[in-house]
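# Descriptive structure summary
The chain contents come next:
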Amino acid sequence: MKSIFKLLLLIIVLTGQYLIAQTDPEIFDKFESKFYNIDGYQINVEVLGEGNPIFFLPGGPGNSHDYMQGAFGHYYKTNTVVFFDWLGRGKSDNAKDISEYSVENDVELIEKLRVLLEFDTISLVGHSYGTVPAQAYAIKYKENVDKMVLINGFHSGAMWQANCDSYNHYAKTHFPEKWKVVDSLRSLGYVSSQEPLKTVYGNFPTKYIYYHNTKLRSKVPKTKYRGWAGDVYTTIIGIDGDFDVSGSMINQDYRQDLKNVTAKTLVVAGRYDGVSTPEFAVQYKTFMPQAQFEMFEQSGHNPYLEESEKFYAIFDVFMNIK
């Protein structure tokens, strides 16, 4: 009877946390921006709660912190949660020189914020591109990381390139009429960050590569905000990054170092993810055998939205959140 009672109690707790995550539309109002001067730039940081600190790292690399806050902001009730905008993104200042946008500088910003906020160790939760600086940080500053969650991420620039190739193959074979226009512009020398190819390529129905359930959307603030910074994306991924990855991203390769990461790690993948495809996501089992690997069978690029109950249950147990 005691075992049954404990099981029922666990179900109630997990369901309650799931409902909190889904029914707190005012989560953004609970946070307040504080700007720290770092290397001469005003960086937006939003901290709330008490307990073990968790840094949430958004994707892109052009995204602001908001969608991660919408999905994970409720954890202020159990932890100190830290959301911030990297240089050139969200509410943070733009760089004076776009060359300052790089994976390496994003990694160093995590460390500078850890020091400023006076945390001894931190946990990292990265989504998509956010997994890239998370891994680089856990490799370089391994003594500073307690736990790490990699959600639909990339272990190398080579993986990013392979996924671009995979998406382009899918787009070409499923939308051949549209792809003829892409081919014609490519033959004239246009790159993916250049008009008119930028608009043509951007008009493909890409929802299916992000969501298995295309009706889903992330929570967003009611107030006006900069959710995307195209110049940052172009600098880090390259001027022709949707076809030929370059920039800072192509130089990233953590495959040989992941086995030495000491942070307790959870790797999350989505079976229908068209951005970080399972073909390459499952390679984490080889490169990081000590990590816990979870495949979400009904999700695309955002399992915390598509299989929320399962995701938060696994996340809470992994993070030891009670």
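Residues numbered from 1 in each chain as written. Predicted model: local features only at pLDDT ≥ 70, side-chain atom pairs only at ≥ 80, totals over all residues. Heavy atoms only, no water.

## Brief notes about helix α13 (residues 308-319)
Counting along an α-helix, one turn takes 3.6 residues, and residues three or four places apart therefore face a common direction. Let me state the cut-off plainly: What counts as a helix is a DSSP run of H or I of at least four residues, what counts as a strand is a run of E of at least two, and both are numbered from the N terminus. To estimate the expected span of a helix, subtract one from its residue number and multiply by 1.5 Å. For every residue, the accessible area (1.4 Å probe, protein chains only) is compared with the maximum for its type, and the residue is labelled buried under 20%, exposed over 50%, or partly exposed between those bounds.
Helix length check: α13, at 12 residues, gives a terminal C-alpha distance of 16 Å against a target of 16 Å (1.5 Å per residue), a fit within 8%. Burial runs high along α13: nine of the 12 residues are buried. Burial in α13 covers these residues: S308, F311, Y312, A313, I314, F315, D316, F318 and M319.

## Topic: the side chain of N168
What counts here: Note on contacts: a residue pair is in contact if any heavy atoms of the two residues lie within 4.5 Å.
Residue placement: N168 occurs in helix α5 (residues 157-174). The residues contacting N168, other than those within four sequence positions of it, are W179, Y201, D242 and F243.

## Topic: the nonpolar core
When a protein is soluble and globular, its nonpolar side chains tend to lie buried together. Test applied: In plain words, nonpolar cores are sets of buried Ala, Val, Leu, Ile, Met, Phe, Trp, Tyr and Cys residues tied together by side-chain atoms within 4.5 Å.
Among the nonpolar cores identified, the biggest contains 69 residues, and F55, F84, I110, L124, M148 and W160 are the most heavily contacted of them. No other element matches α5, which puts six residues into this core. In this structure, F84 is in contact with N44, V45, F55, F56, L57, H65, L109, I110 and L113, ignoring residues within four places of it in sequence. Listed in part, the 28 residues of the second largest apolar core include I27, Y312, I314 and M319.

## Brief notes about the layout of surface pockets
Basically, it comes down to this: A pocket here means an open set of points on a 1 Å grid, computed over the protein atoms alone, that has protein on both sides within 12 Å along at least five of seven lines. A cavity is instead a set of points where a 1.4 Å probe fits but cannot get out; residues with an atom within 4 Å of a point line either one. Grid points are joined across faces, edges and corners, and a volume is the space filled by probe spheres set on the points. In this classification, the charged set is Asp, Glu, Lys and Arg, the nonpolar set is Ala, Val, Leu, Ile, Met, Phe, Trp, Tyr, Cys and Pro, and all remaining amino acids, among them Gly, are polar.
Taken as a whole, the largest pocket spans an internal volume of roughly 1,300 Å³. Lining of the largest pocket is provided by 39 residues; of these, G60, N63, Y210, W228 and Y233 occupy positions nearest its centre. Counting residues per element, the ones that place at least two in the lining of the largest pocket are α2 (66-72), α5, α7 (197-202), α8 (207-210) and α9 (230-237). At four residues, the largest contribution of residues to the lining of the largest pocket is made by α5. Here the residues of the lining of the largest pocket sort into 15 nonpolar, 19 polar and five charged. Reported here for the second largest pocket is a volume of approximately 270 Å³. Considering the residues around the second largest pocket, the lining is formed by 16 residues, among which F28, D29, F31, P221 and T223 are closest to the centre.

## Regarding the packing of helix α3 (residues 103-116) against helix α4 (residues 131-140)
Quick reminder of the rule: Lines fitted to C-alpha atoms define the axes here, with helix axes fitted over just the stretch in contact, and angles between the N-to-C directions of these axes take values from 0 to 180 degrees. Here a crossing is called left-handed whenever its near helix is offset anticlockwise from the far helix by less than a right angle, and right-handed whenever the offset is clockwise.
Remark: α3 packs on α4, axes separated minimally by 9 Å, with the N-to-C direction vectors making an angle of 65 degrees. Two packed elements cross with a definite hand, and for α3 against α4 that hand is right-handed. Across the interface between the two elements, V103, D106, V107, E108, I110, E111 and R114 from α3 touch V132, P133, A136, Y137 and K140 from α4. A breakdown of the residues in the contact of α3 with α4 according to their chemical character gives seven nonpolar, no polar and five charged.

No statement about biological role is implied by the geometric values presented.
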